[in-house]
Amino acid sequence: MKNLIIIHLESISHNLLHNGSKEVFPNLSRIAENSCVFSTYYSTASSTIMVIGDLMYGDPYQLEKSRDLSGVYKQKTVKSTFELLAEKGYQTSALMYPYLSDKTDRINLKKLLGHSAHFEAAAEQDQFHKKIENTIKSGQAFALYVYNSTSLLSSPFRTQNVDHCFLETIEESYRNIDRTTGFIFQTLQEQHMLEDTVVVLFGDHGDDMYSHGFTHGFTHAIEPYASVIRTPLMVYSSQIRQSNITDLVNTLDIRDMILSLLENENISKDTWYPKRKFSFSRNLFWNQQSTVLNKAYSVTDGRYMLMVSPEGLELYLCKYDVFGTVNLLNFFDLHGKTIRLKAEIRFIEGIHIEYMLKMPASSISREFTRLREELLKYLEQMQIHTGIRLDFAPWFQHIRKNDQIQKEIKRAAAHSIIGKRLRGIIQCVTKFVS
C-alpha cells in the first residue's frame, strides 16, 4: 500500500520553475531530474481554491454554484480523493504554513479535502516540518497534502520583510517552498520510504505582475492567460521512469493519476495518466460575481489559446508567446463564426508581415474556429450542469482590441499606400524622361 504526498507549489509558474531559476529552486530542480515532468500541463483555474477543488474531485462542476470563495458550496455527487483514500484505510491530513492571523481555514482545505481529513496549520516553519515528519513516521499508510503558502501575496511572511528589496523578498518566499520540498524528500529517504511513496508536485497558478494592465493584470486570480495557468506538474514514483511528458493534461487529470499509481503495482508506459485534446480554465466560479475581476474562460490545445470574457475574444500562440503579449485577433475582423485578416494588412509590405500574418492567416482562422466551437460547448455544458443561466453569447461577438496595435496597423497601411503611389509616380516619370 503506497503512501501519497501532494505538494502544493503556490504561485509558481512552469516558466518560473523550469527556465533559469535553479538557484532559487535547487531542490525542485533536482527532483525534476528524477520525476515525470509534464511540460504541457495547464491548471484549470487561476484561483487557488478552485484548483484544489478540481484536483480533489476530478470534476469540473462540483464547486461551480459557489457565490464566493469564503464559503465554498460543494455539490455532494462526488467524493473527494482523500475521502476515497480514507475509506481504503489511509490516514488523510492536510498541513499548512503559515496560518493566517485569525487562524481560520480561509483556503477551505477542510471542506475541499473532506471532513475525514485532519487539518492543521503551523505558525513556524520548524513546527510545520515537524508535523510533516511525524506523519511520515506514523507507521500508518498516509495521504498528506502539504501547503506552504509563503509565496502567496497575502501571506504574513511577506509583511515580515517589508524593509527588504522587493525582488529578494519574492525569491526568499520561493526558496522557502523549495526548502519544504527538499525536507520532505530528505525525510522520506532517511526513513527508507521514498520507494513506497507517490509524490505529486503541482502549481495552482503563476503571477502576472500587471503585464495585462493594472486591473486585468493583478498578479493572479485574473483571466486565465497561459502565463498564469501553465504551471508545474511533476510526479515521483518508483513505478514510473523519469521522463518529460508532452501530452496535454490538466488539474482534473491528477485525481486519476493518483488513484492509478496507488491502486496498480505494475504500471505500463503512458497508461497511468489521461490524455486530452483540449484543456479549459477560468478565473471565477460560474455563479460567482466580482466588481474587480473580469470573468473569463479559456481553451487550449497546447499550441493556441482562445479566451473569452465580457470584454471580448483573445487568441494567443501560447506555446511560444508564453506571456500572452499579442492577441492575434487584433489583426483580424470577426465574420460570424470565423475571422478574416484585416483589409489594411493587405496594403502593408514587408517580409515579417508576409510570413507572420498574411501567409499563416488561413491556419490561424482554422484554429480560431475550432477552439471557438470547443469553448462554446464547454460553456453550454457548464450552464446545463449548474442550472444557472449566464448570457455569454455577446462575449463571442467582438474582439478585445489593443488600441495601440490598431493605430499602428492603420499608420503602417497608410505609409505603404503612399509609398506604392510614390514609386508608381517615379516609375512613370522615369519612363517619360527616358
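The model shown is predicted, which means the values in this text are computed figures rather than measured ones.

About the thresholds
Residues numbered from 1 in each chain as written. Predicted model: local features only at pLDDT ≥ 70, side-chain atom pairs only at ≥ 80, totals over all residues. Heavy atoms only, no water. Helix = DSSP H or I, 4+ residues; strand = E, 2+ residues; numbered from the N terminus. Contact = heavy atoms within 4.5 Å. Areas by Shrake-Rupley, 256 points an atom, 1.4 Å probe, with all protein chains shown as cover. Core = buried A, V, L, I, M, F, W, Y, C linked by side-chain atoms within 4.5 Å. Buried < 20%, exposed > 50% of the residue type's maximum accessible area, 1.4 Å probe, protein only. Polar contact = N/O pair within 3.5 Å; in protein donor to acceptor, adjacent residues only side chain to side chain. Salt bridge = Lys/Arg side-chain N within 4 Å of Asp/Glu carboxyl O. Axes fitted to C-alpha atoms, helices over the stretch in contact; angles between N-to-C directions. Parallel < 35°, antiparallel > 145°, perpendicular 65-115°, else oblique. Left-handed = near helix turned anticlockwise from the far one by under 90°. Nonpolar A, V, L, I, M, F, W, Y, C, P; charged D, E, K, R; others polar. Pairing = 2+ DSSP bridges.

**Observations regarding the overall build of the protein chain**
Secondary structure assignment for the protein chain yields 13 helices and 16 strands. Taking all contacts inside the protein chain whose residues are at least 6 apart in sequence as the whole, residues at least 24 apart take part in 72%. Counting every atom, the protein chain has about 20,000 Å² of accessible surface; 53% of that belongs to carbon and sulfur.

**What about the nonpolar core?**
Core analysis: the biggest nonpolar cluster contains 48 residues, and Leu-4, Phe-38, Phe-82, Leu-113, Tyr-145 and Trp-272 have the highest contact counts within it. Tallying contributions element by element places helix H3 (residues 48-57) first for this core, with 7 residues. With residues near it in sequence (within four places) discarded, Trp-272 still touches Cys-36, Phe-38, Val-235, Ile-240, Ile-245, Asp-256, Met-257, Ser-260, Leu-261 and Ile-267. Listed in part, the 37 residues of the second largest apolar core include Tyr-61, Phe-280, Tyr-297 and Leu-306.

**Re unusual backbone geometry**
Put simply, Tyr-97 and Pro-98 share a cis peptide bond, and its omega is -10 degrees. Even without being glycine, Ser-11 reaches a positive phi, approximately 60 degrees. Among the structural elements, Ser-11 can be located in the loop between strand S1 (3-9) and helix H1 (14-18). A positive phi is found at His-192, a non-glycine position, where the angle reads about 55 degrees.

**Describing the side chain of His-212**
Structurally, the position occupied by His-212 is in the loop between strand S7 (197-203) and helix H9 (226-229). Within the local environment of His-212, its side chain forms a polar contact with the side chain of Ser-211, the two groups lying 3.4 Å apart. At 2.7 Å, the side chain of His-212 forms a polar contact with the backbone oxygen of Gly-324.

**Description of the pattern of salt bridges**
One pass over the structure, following the stated rule, counts 20 salt bridges. Arg-175 serves as the salt-bridge partner of Glu-171, at 3.8 Å between the closest nitrogen and oxygen. Within this pair, Glu-171 and its partner Arg-175 are both found in helix H8 (residues 166-190), separated by 4 residues, close to a single helical turn. For Glu-171, a relative accessible area of 24% puts it in the partly exposed group. Across the salt bridge formed by Glu-172 and Arg-179, the nearest N and O atoms sit 2.6 Å from each other. On the basis of relative accessibility, which here comes to 27%, the residue Glu-172 falls in the partly exposed class. Each of the salt bridges in this network shares a partner with another, and the network as a whole consists of Glu-223, Glu-311, Glu-314 and Arg-400.

**Some words on the packing of helix H6 (residues 125-136) against H8**
Axis separation between H6 and H8 bottoms out at 10 Å; the angle between their running directions is 30 degrees. The angle between the axes of H6 and H8 places the two elements in the roughly parallel class. As for the relative orientation of H6 and H8, their crossing is right-handed in sense. In contact with Gln-125, Phe-128, His-129, Ile-132, Glu-133 and Ile-136 of H6, H8 contributes Asn-176, Arg-179, Thr-180, Phe-183, Ile-184, Thr-187 and Leu-188. Of the residues assigned to the contact of H6 with H8, the class counts are 6 nonpolar, 5 polar and 2 charged.

**Things to note about the pairing of strand S6 (residues 142-148)**
When you tally the buried positions in S6, you get 7 out of 7 residues, the bulk of the element. Alternating positions in S6 separate into two faces, Phe-142, Leu-144, Val-146 and Asn-148 on one and Ala-143, Tyr-145 and Tyr-147 on the other, with burial throughout. Alignment of S1 against S6, held across 6 bridges, turns out to be parallel. From the neighbouring strand, Leu-9 faces S6, where its bridge partner is Asn-148.

**Examining the sheet that holds strand S11 (residues 279-282)**
In spatial order, the strands read S11-S12-S13-S14; together these 4 strands make up an open sheet with antiparallel pairing. The open sheet has two free edges, formed respectively by S11 and strand S14 (312-316), since each of these has just one partner strand. Recorded for the sheet is a direction-independent mean angle of 15 degrees between the axes of neighbouring strands. Bridge count between strand S12 (residues 297-300) and strand S13 (residues 305-309): 4 bridges; the pairing is antiparallel. By the bridge assignment, Thr-300 is partnered in S13 with Met-305.

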